[in-house]
Every structure is written in structure tokens, then in C-alpha cells.
Amino acid sequence: MDHDNTDKPAPATPGVSRRGFITSVGTGAIGVAAAASLVSAAPPETQADVVAAGGMSSVSLVVNGRRHTMLVEPRWSLLYVLRDRLGLTGTKIGCERGECGACTVLIDGKARYACMTLAVEADGRDITTIEGLMTGEELGTTQQAFADEDAFQCGYCTPGQVMAAESLLRVNPSPTLDEIRQGMAGNLCRCGAYAHIFKAVAKAADLKRQGR
Amino acid sequence: MLQTFAYVRAGSLNDAVKQLDGPGARVHAGGTDLLGCLRDDVMSAEKVVSISRLDDLRGITPAADGGLRIGALTTIADLAAHPGIAEKYAALAQAAAVVASPQLRNQGTIGGNLCQRPRCWYFRGDYHCTRKGGDMCYAIGGENQYHAIFGGGACWIVHPSDTAPALVALDAKLRLISAKGARMVPAEKFFVLPDENAQKENVLAPGELVTEILLPPMPAGMKSAYRKVRARGSWDFAMAGMALTLTMKADKVADARIVLSGVAPIPWRLQAVEKLIIGQKLDAKLMTKAADLAVVGAKPLEQNAYKVAMVRGIVAEGLEKLL
Amino acid sequence: MKPEDLYFWDGPLPETQAPTSTPEPWTETKVVGKPVTRVDAYDRVSGSAIYPSDVILPDMLHAAILSCPHAHAMVKKVDTSAAAKTPGVRAILVDGQVGANVPWYGGRSGFASRLFDPHCRYEGDEVAVVAADTIYQAWDAVRAIKVEYDVLPRVTTVAEAMKPTAPAVRDGGNVPQAPPPYSRGDVDAAFKTADVVLEHTFTTPCELHNPMELFGCVVKWDGPRLTVWESTQGVYAVQSTVARALNLPLANVRVIGHYMGGGFGAKLDTGKYSIMAALLAKKTGRPVRLFVSREEACRSMGNRPANTITLKAAAKKDGTLVALQSRVVGSGGAYSEGGTGGVDFVIRELYACPNVKCENQSAYVNAGPQRAFRAPGHPQGAWALEGMMDALAAKLGMDPVDLRLKNIALVSQSRNGNPPYSTTGFADCLREGAKTFGWADARRKPQAPAHIKRGVGVAGGMWQGGSGGPPATVIVKLFADGSANLNMGAADIGCGTKTWGAQIVSEELGVPLDRISIEHADTGTTQFATPSGGSKTAPTESPAIHAAAFDVKQQLMGMAAEQLKLPAADLELRGGEVVSKTDPAKKVALGQIQAFGRRGLLVGIGYRGMNPAGKAVNPFAVHFAEVEVNTRTGEVKVVRFLAAHDSGRILNLKTFQNQVFGGITMGIGFGLTEDRVMDDKQLGKVLSANLHDYKLPTALDAPADKTVVVVDLHDTFSSTGAKGVGEPATIPTAPAIANAVCHAIGVRLTDAPMSRARVLRALAAQKPAPASQKRGE
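Note that the structure is predicted; figures quoted are calculated from it, not measured.

Caption draft 1: Expanded view of the overall build of chain B. The secondary structure content of chain B amounts to 12 helices and 12 strands. For 323 residues, the compact-globule estimate of 2.2 N^0.38 gives 20 Å, and the C-alpha radius of gyration of chain B, at 19 Å, lies within 12% of that figure. Based on the C-alpha atoms only, the size of chain B along its principal axes is roughly 60 × 50 × 35 Å. Taking all 323 residues of chain B together, the buried fraction comes to 64%. Excluding contacts between residues fewer than 6 apart, the proportion of contacts in chain B whose partners are at least 24 apart in sequence is 63%. Within the structure as shown, chain B displays about 11500 Å² of accessible surface, and the carbon and sulfur contribution to it stands at 53%. Here chain B carries 38 positive and 31 negative side-chain charges, and the mean point of each set is 3 Å from the other.

Below, the structure is given as C-alpha cells:
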């Protein structure tokens, strides 16, 4: 596996790092600018190469601004690759069938379920995970709003909720309450923190409009 | 977790139909239904043929006759957000807006939405039912609260698509391409009843693909809507739903199309109800008559008789609202 | 009900030594009770919190379970030869192999089986487990295992199971001996002389917990020592079960459960996966990760039993209750007798009623075993009782809130000696909730003529636990630089335990929250706590934390007193300084207390003492709902909701409100959408084995307009006065909605969930509403 080393080092933070135990590859040291969307050039008109069953295919995934080129089995989901191959465990496993939203990531800026996306299908795409909303160790705006509004209980669905909110706000920066509920309708919260989640999305919209 | 399969990214439409010509070859458009079917072992996939990079199949453009061409790879989200569709083909925009969840709408395609397999829990479960080549429909004597009240027989699935009834109501045509060539099929003729063939939901031949949907220009003053009733506010498929188009001339109905979702193995067009109201003034009395006529011939199973009342309610409410 | 049952503990409860000193309850507080942001908010929203399912260890293997696809079958033969050859497979375990003969389902559940019992009694019973290099390879191998089953006759409904001709789920028949009925007074006599007698049969669905994080663990051996990272509500319970199953000393089993993605009772039990993972890890010499799939979670990880409740109630003309009689039937599945536990508590206890009789009958069926699910039995009991109270109110022509206010109990009627409640805010919840909700006006508002009808409803509830109690031990350390450490065994399952724990330390010692570190839920490093569930964590741990912090404060005061040459009783801790109350000029900053500086740190220990004898401590709740019913389609929309709660002192208002809203959401699932569907008439398999077919409430099903009213009667049963809230938050929700639906459409639905089908059927069967139910009067 080959990681592109073009990202800048993380800005120095005063005091002790807040993260103590096992950290995943790629968190906290993310490059600043997201790479432009890279769509693989279409192969020529005739036969494309068939990856035989059991074989592997080379893909290039731009995750949180950093390009990873690697071999994947065609059946591997993007969720599996993010967690088990890249160590980005912020994106969670809930159902592996597109019915809960815990694995929500952004693909080319749009909320999608990583479990329903084959890694080969994400080839060349611009992928943002929860880790990618951080700036060094500082929370992103949407994350901060979720913390302020107590928009979680057990916290397991939270990364997916934040990513869905992020996707919504990028398309609709001033959503009504109804639009917020519609935008968050693809993320289950068994703890039932929905009421606070709606508040957090509204707060995030506010903070973003203020440029924070 | 998924079983292993061969994978090829088709470089062109020709390449795709060639690759798909053979047993065990499955098309991957958005992938939202394919992955679910593979996880549930509804069918096996020896080779997955991805058409997701065929950008020519994506997008909404004006058609020569003043209508609209929709590439089959257009996502449901793009469909729902398109101003031209919301303005002139509201039923389709409204149907797209209530499909699944926001994330699945970002991924799923209109072609995939039309071709998706049914959600019957016997079909998706560890049951070798008629539709999968077995000799029994487990819904008939089992848990059938979500199954069909029209068009059942050898099998009692309901077609899960919301966009399909809208396209039937809007008189859409589908362009199908195979290694043998192209053909146009009206949306209304695309779907297959179980008693004709209980193992397929539509007329696609093996190795054939939907490539685009053609919407005719809409008559001036035509209004349309899509209503979906489901168990929860998101994700769920229709328990019953209705695509409705209404063209008024003065205070009389000049034209109407009424197509139900969630109640039959195919989008269920209510031609008798259309005939009843066309040429008439749509007063409360006629609306009630229309609602009653909508359910004539319904054959509920043990647990889904509520769909009869529900359809009646949806038709009455829909006519009232759209008028 | 034995204390062990409320504590979800197998065997007698460990004792804690009695506290040496007990701090006085707070009067005014600076930190406790405030809407403070969670201390671990950063970890959770950043994605950096490592949940057990996120643990990645070097060389880790991934495991998957093969489970029986039949509702009832005997395993005749297991052929793993093809599976063993699939790529990446490192180990396969089946019945009969070394270490695999671990007894299971004993203890509280009372049914003897084992890890891979060849007698499979429900679809999902485990047959084998595989460990492989990747999770994909593990499932490939599972699919390659060939099993020969003898498929046996099955029965999956209680009604069928109770027939004498039913297939036997287990030896001894399907119908265990019913426990003796609960009885007080003379219900038969009371029914004969009452002014009004009503009888209804209510049914409630089988519900699945379906927490968002799946069930499982990661395990690693270091020589003879085993570490288990598990998604659990109780690390000590897992430690105890695993040590016993593997014949290990407790000291050699460490269970870590820092973060966990929800449990709701399903993770109070230890799962077979923990034992399987440990055996696989031992066999392969590598760490093993075993988390079940969502489908397996729907089949095998527990459920709330479905219940049929026949309830007969009688009252006087003026609304005084005179008799309540219930018969509850249900099943705990194939391996548990607990099909009816907890259902009749509210019937026996919530309202003052002199004559009560409660009977319970369980039956075994070929279905997954029950597990405690948020307020076991209580939502079912409340569904029946609160529907009945509403029906009585209608019959008597009384307002439903007034009828409930007429029958307030000040003592616990079903406990020995009828102890009075330490506090009961039930009446206050009714009154204040009704006022804030605008109940009277909403109730009298004339109905709209259109097909969308609006209605409001009320329901009450209480939880049998919520008082907490020993055992619990907490350690608080104060460092010479003024920062602190809180060490407790309790898990934070989403309820904000770490946060209010830190708030208590901050309140006592003045340490800012961001200078308090927390160790918790780790048998290797923290002090004992029973599993976090049953709404007992706050009432149990908060006084122990208070006591531990107080212990530190006492020591600090002692040192400051010596240094200042003043009596300790004259001193108080204020803003990082110890100050004389009588002469504030005499003071010393914490950092200047020489003895403290030399020591480097102070250690305080807090033990949870007993609750006061002769008092019953319970939390109460009243829920108000406003609904819109589309009478054409059967759709029910919850438009507005208010929850009034007496949970004693609220430790953190923000997290408290969140939890109540969460309970309401879960109650909406119970009342409107959730139902485990099984193919009862054919193969007995679970049809709702995923998150589409099992319908959890979504963001669009939870009302946007929700209010919490806090009733705090300053209970002094403990030094913090905090009662539990997790369970009360979901007990009266569904019946409040049902009562609102009845107000809207004039028909009472007695079967939960109130699906579109049931609403439409009820409307179709409707007779014109009697005069007493007409609106606007």
C-alpha cells in the first residue's frame, strides 16, 4: 500500500495531546486541501480487463485529502477498506446493508453509505470521513455543534450523523427544521437523541454562516 | 459478508452488454440493490459488470419533442432536485424525494430503481420460493401484511419502486439496449405479472439494459403528484401509494392517470377509475365513487385487507388535494 | 423479585463495606445539576473514541459464527473439511472439541445447555465458529461448513405452545409451573360491588433491542492472562462469567468496556461470542475479533417478550379504584422462563388500590431467548394499565388526569410492610405536566371536520428499581497540582455517567471538569460495580462518588486545619482555597497546603451505603402526547410530546433531557413501529432480521416538539438524592400515544404497535362514540 506524502505536518498544539491510546493511521495529520475529484479516464472502447474472482484490483482512493493506492478485492466494501485497511475506525459498522447510516461518509461531497459502496467503485473518488472534518486536533464546525448541543448519548451513530449533517449543510446552508429532519432521515439513533441532533445541525448551520 | 466475484468496469455500453451476456453476470449501476441482493443470497454473482462510469448514461436533457431524456444512471437525488422535473413532472420529483433515505438517493439510479428486486421477506430470506425457482409462494399462507392485493397468483410480491408508477402515469418510455440492438418499451409495458412469469419483474432479456427514460412533453395545465404511505417516515417501501396526473378543462377532467404502488407486482394502473372521472366534474360524490371503484377486484390475503381501505383513502385524498 | 435480578447479577450480590462517613446532601450546587457538556464529547464527535468493535490489534483474526437455520433441529453431523481448506482460515470450533463444552443458559435463566449444543432450539442457535485472516474469509469458511440437521417439529407462538399436542421445546414440556399469583384484598368481592367494571385484553409486540453497535468482543491472551475488549454494560459480569467458563482466576481475566454503542439491557448478559473468541485465540495464539452481524443480533441477542395482558378493573362512581386483576402470558423464547417478568409491577403498585390479583404464565417456544430490555415488563404493564385507566375515565365521565390524581399511592403497596415512598412526585408530574402541556384546553378542543383528526392523551408510570444501592466502590484521587482522578467500575452506556461523576467531584473539591481524568469500566483498574442497567447507575454511584470526594475533602481540611491552626469544622473549600468561615482572611490555597504537597496526592474511598430502611424509593413519570391521525390511511403522527419526571435530583440537565427524549423515541417504537415478525405458520424463522424489516423510529418519526418537565422533591434517601431515569423515560410513552389516538378517533386500540393496519381496522369497526367521549363539552 502506498500513501501519498504530500500532506503538511499537523499544526503544533500547545500542551498535551488529548488522545492517549491506540490511534488509527491517518487521523490527526491530515493534509489541508482536499484533492480535486479524480475520475479514472475511461478505458478504450474494446474489452476492459476483468478482475477474476479471487483476484485483486488496484484502486486509488483519496481519503481526507490523502491518496492511497492499494490492491483490493472487488467484493470489499469501502467501509471495510477504511476501517480494516486504512485504520480509520471513526466510520462505524451498523448493519452492512444500508439500513442504519452508521457508516455514512462523503463521496465527492455527498453523503453515502460506505457499506453499500464497493471499494473498486470508489476508485478515484474524493472521500471524507469523520476524521477528515478535523483540523489537526481541532474539531470541525459540525462536530463542535454536536458537542455543544449534546447531540449523542452512546455516541456510536454520531460520526455518521455528523457526516450526514455536513452533507446537508454543504447543499443547504440554511435549512428549516423540516429540511433538517429530512436530511437526517438516513441515520438511525437507537438512543433517540434526534431532538438534540436537530438542534446541533441548526447550530452548525449558524456557526458556518458566521464563518466559524 | 459478500462472496467473491469477478469484476469488470465496462468501458462502453457495447462492452457492458457484451459482458452481461452470460449466466451469473450482474449489472452494477448505483449498487444499492445489487449489494443487498448478494448479501441475502437472492441470486449469485459470478461476475459484476459495473456501468457506473458510463457518463453518457447520466444526466437530464431536453428531448427533441419538447419532453425530457433521463439517463438511466441519473441518481434519484438528482432527479428529485431537478427544477425541470419538479415543475413539469411533479409526480416523478415527489416520488424520487421519498425513495429510501438521503444517502441511498445519492447513490441509487433511476434505472436501478425500476429494475430493483422485490422486498418480500421470503424472497429476500432463506426460503426457496417460486420467484427464486422453487415451487411455493410462502406469502400466501404466511406473513403477508405487506404483500399484494391485486395481480397476485403464483407469487404475491409488490413492486417496490416509487418512480415506476410515476413514470407509468407520465406515459414514459424506456430505451433498452442489448447486444442484439435497441428497443423502446412504454413504462407501462415494462413490468411483468407473476402469472406471466413469476421469476422476473420486467421484460429485460438477459444482457439487456435500460439506458434512458423518455418523458413526453406534458399537456398545458396538467398537474401531478405522488403519495406514499409507509410504516415509518424514512427508508420504508410503500404499503400503498399513488401517482396521479390530472388535466382539467374548465371544471371538468380532461385527462387523468392513476397508478398505484405497493399493492401489486407491477405498477397498478386504475384505468376504470380514469374512465369514470374523465369528462366529469370532480365533486365529492364522484371522488368517493372513484375511491370505491379503485378497489373493485382487490383480492386481499389474510393480513393485508387494510390495503383496501388504505387505497380508497389515498385515492380520495389524492383527488381532493390535486384538484 | 430478588435484588440480584434488579442488579443483573448471577448469584448473590457482593457486599461492600459500610461507609465510614456520609456527606450531607447538597443544598445549592455550582456544578451538579447544570447542563454541562459531556466530558467525553470530544472523543465521540471526533471519531477518536475507540469502541470495542474498533479495536485493531496486530495479527488479529476475525471470527464468524455458523448458526442453525431451523427453528428446531438436532445437529447430526458437522463437516468442516472444506471449510478448513478455504483461504485464510486459522481455526474452527465445533461441539466436542477441547474447551468447547462450556455450560450455557444456567444461572438466572435456569436452563442447562452448552456452547454448541447440538439440540438447536431456535433459528440462530450456534453450531460452530471460524477464525480467519479477514472477516470475508471467515464468512467464506462458515458457508463452506456442511451440517446435517434432523429438522424437528417446531412451535413459535405461545398459543400453540400451550396446547397439549404442541411439539416439546424442551424436556418437561412447554408450560412451566406458574408462580403463585400475587394477591391482596379480595378482588372477586370487589368486582361484585363496584359501580363500574371494565375488562380488556391488551397485546404488546416482541421487541428487539438493536443497539447501534453490534454485540461482540476482541480478545487477547498474554500467557495465562486474558484481556477482553467488549461492548458490554457490565465488565464485572463478563469477567465473572468468562473466568468461570474458562476455569480462570478472576485476576487473570481483564474486561475493558470504556465506550460502548448502546445496550438497553441486551448487553447485561455475557454472550457466547466472548467464550468462543477466547477459545479461538488460545487455539491460534493470535488475538481474535468476534462481532455478530445485524441479522444475528435480530435473531439471537435477546428481546422483550410479547405479552397478552387481560386486565379487569373496577372503580366507584367517584373514580376511586377498588380492584385490579391481571393475567399475563408471554414467552422468554426457548431457553428462558422469563416471559412475563415485571409486567404486573405497575398494576400492583402505581395506583392506590386495595384489591389486586396478578397471575403470570410463561411458555417456551422455539424462538430466541429474552433479555432484559429497558424497563423489563413495564412498558407492557403500562400499555394495559394506562389504557384501562383511560377507559375507566371515559366510562365515568372523568378527566383522565383527574382520575389518576384520585388514586395516588403514598406507600408501596406490594412491598412487605408497605413502606412509604421516600418521595413520590407522581401527582406533581400529573399536575405540572398537564398545566405546561395545556392539557385541559387541548382535551376540550372541538374536533376538526376533515379526515385528519387530532387528539391528546396522558399516561403514567413508575419503575420498580431506580433507587440504586450497594455494592459500589469509588476512588477519587486529588493530585498536589489540584487535578483529580475518578475511578469507578460503572459503564457509561450513553447516559452521561462519566460527566455527572466528574461534576460531583468538581462540586465537592472545586476541581474544574477539564482537570478530572476518569477511569471506568475496566476490571483491571477500576473498582467494582454491577452492570449499568436498571436505572441504578446514577442512584448507586453518585452517593459513592460523593462519599469518595468527601473523604478527600475531609483529609484536605484536616491538613489545612493543622497548618492554619484552626478547627476543621470552621473551614470550607472555596475557589481552590481552604478558607475560614468565621475569618475569611485566614486561608490557604490548595497548592500551599504543605502536608498535601509533601504527600503528592490524597486518596478518598467511597462506598455505597444502604438505602434507608422502611422507605421505598422509586422514580415516577407522566407522559402527554398530541397526535394527528389520518383516518383515510391509518397514519399516526406524534405532533407534540411532554414528559414530566420525578427522578429526584437531576445531576446534569442536558444529558437528562436527552435521555428522556431518547426514552420517548423508544416508546414511539413500541407504540407505533416495532414488531419482531416470525414465520409462525410455516418455518418459524425470523422475518424481520434486519433494520428495514424491524422498524426502529427514524428522525422523521420522532416529534420535533418535545418538552421535559422536572419535578424535584429534594429526596434525601441518599446524599445526592438522585433516582434513576433511564427506564421511566420509556414506560408511559406508548400508552400516552394510544390514549391520544383514542381521543382523536374515538376508538381504543389495545394492540401495540398501532400499525396502519390496526388503525384502519379499528376505524372500520367503529361504532358511534358515546356521549361521554364527545369533544367540546
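Caption draft 2: Spotlight on the packing of aromatic side chains. Applying the stated criterion across every chain yields a total of 20 aromatic pairs over all chains. Their ring planes at 85° and their centres at 5.2 Å tell us that Phe190 of chain B and Phe191 of chain B sit as a pair that is edge-to-face. Taken individually, Phe190 of chain B and Phe191 of chain B each receive the classification buried, so the pair is uniform in this respect. Ring centres of Tyr122 of chain C and Tyr335 of chain C lie 6.1 Å apart, and the angle between their planes is 80°; on these two criteria the pair is classed as edge-to-face. Here Tyr122 of chain C, found in the loop between β6 (119–120) and β7 (126–132), pairs with Tyr335 of chain C, found in the loop between β16 (321–330) and α10 (345–349); they are 213 residues apart in sequence, far enough to count as distant. Each member of the pair Tyr122 of chain C and Tyr335 of chain C is classed as buried. Taken together, the aromatic side chains of Tyr351, Tyr421, Phe426 and Phe620 of chain C make up a single cluster linked through ring pairs.

Caption draft 3: Representation of the interface of chain A and chain B. Listed by partner, the interface residues are 44 residues for chain A and 35 residues for chain B. Between chain A and chain B, roughly 3300 Å² of surface is buried when both sides are summed, and carbon and sulfur atoms account for 50% of that area. By the criterion of area lost to chain B, the three top residues of chain A are Arg75, Met116 and Glu121 of chain A, representing 20% of everything that side buries. Here chain A and chain B share two salt bridges between them. Arg9 of chain B is paired through a salt bridge with Asp123 of chain A; the nearest N and O atoms lie 3.4 Å apart. Summed over the shared surface of chain A and chain B, the result is 21 residue pairs in polar contact (both at pLDDT 80 or more). Mapped onto the side of chain A that touches chain B, the elements with two or more residues apiece are β2 (50–51), β6 (110–113) and α4 (177–183) of chain A. The element best represented in the side of chain A that touches chain B is β6 of chain A, accounting for four residues. Each residue belonging to the side of chain A that touches chain B can be placed in one class, and the counts come to 20 nonpolar, 12 polar and 12 charged. Note that β2 of chain A and strand β1 (residues 6–9) of chain B share two bridges and pair antiparallel.

Caption draft 4: Region of interest: the pattern of salt bridges. Residue and element names in this part refer to chain C. What the rule picks out here adds up to 70 salt bridges over all chains. Lys498 serves as the salt-bridge partner of Asp40, at 2.9 Å between the closest nitrogen and oxygen. Pair noted here: Asp40 is in the loop between α1 (3–7) and α2 (41–46) and Lys498 is in helix α15 (residues 497–509), with a separation of 458 residues, a long-range link. Exposure class is identical for Asp40 and Lys498. Each is buried. Ionic pairing is found between Arg286 and Asp59, a salt bridge with its closest N-O pair at 3.8 Å. On the criterion of sequence distance, the pair formed by Arg286 in the loop between α8 (272–284) and β14 (288–291) and Asp59 in the loop between α2 and β1 (61–67) is long-range, its members being 227 residues apart.

Caption draft 5: Highlighting the interface of chain C and chain A. Across the contact, 63 residues belong to chain C and 53 residues belong to chain A. Of the roughly 4900 Å² buried between chain C and chain A on both sides combined, carbon and sulfur atoms contribute 60%. Taken as a group, Tyr42, Tyr136 and Met212 of chain C account for 16% of the area that chain C buries against chain A, more than any other trio of residues on that side. Summed over the shared surface of chain C and chain A, the result is six salt bridges. The residue Asp150 of chain A makes a salt bridge to Arg38 of chain C at a minimum N-O spacing of 2.6 Å. Put simply, the parts of the chain that give the side of chain C that touches chain A at least two residues each are α2, α4 (135–144), α9 (294–300) and α18 (653–673) of chain C. Considering each element in turn, the side of chain C that touches chain A owes the most residues, nine residues, to α18 of chain C. Class assignment of the residues belonging to the side of chain C that touches chain A gives a composition of 28 nonpolar, 22 polar and 13 charged.

Caption draft 6: Region of interest: the sheet that holds strand β5 (residues 68–71) of chain B. Residue and element names in this part refer to chain B. An order of β4-β5-β8-β6-β7 is seen for the five strands of this open sheet, with the pairing classed as antiparallel. Of all strands in the sheet, those with a lone pairing partner are β4 (60–62) and β7 (181–186), marking the two edges. This sheet shows a mean twist of 25° between the axes of neighbouring strands, independent of strand direction. In the sheet, β5 pairs with strand β8 (residues 209–215) via four bridges, with the strands oriented antiparallel. Looking across to β8, one finds that Gly71 is bridged to Glu212. Sheet contacts for helix α1 (residues 13–20): β6 (173–178) and β8; angle to β8, the most-contacted strand, approximately 130°.

Basis of the calculations
- Residues numbered from 1 in each chain as written.
- Chains lettered and ligands numbered in written order.
- Predicted model: local features only at pLDDT ≥ 70, side-chain atom pairs only at ≥ 80, totals over all residues.
- Heavy atoms only, no water.
- Helix = DSSP H or I, 4+ residues; strand = E, 2+ residues; numbered from the N terminus.
- Rg over C-alpha atoms; globule rule 2.2 N^0.38 Å.
- Buried < 20%, exposed > 50% of the residue type's maximum accessible area, 1.4 Å probe, protein only.
- Contact = heavy atoms within 4.5 Å.
- Areas by Shrake-Rupley, 256 points an atom, 1.4 Å probe, with all protein chains shown as cover.
- Lys, Arg positive; Asp, Glu negative; His and termini not counted.
- Charge placed at Lys NZ, Arg CZ, Asp CG, Glu CD.
- Phe/Tyr/Trp six-rings, centres within 6.5 Å; stacked < 30°, edge-to-face > 60°.
- Buried area = accessible area lost by both parts, 1.4 Å probe.
- Salt bridge = Lys/Arg side-chain N within 4 Å of Asp/Glu carboxyl O.
- Polar contact = N/O pair within 3.5 Å; in protein donor to acceptor, adjacent residues only side chain to side chain.
- Nonpolar A, V, L, I, M, F, W, Y, C, P; charged D, E, K, R; others polar.
- Pairing = 2+ DSSP bridges.
- Axes fitted to C-alpha atoms, helices over the stretch in contact; angles between N-to-C directions.

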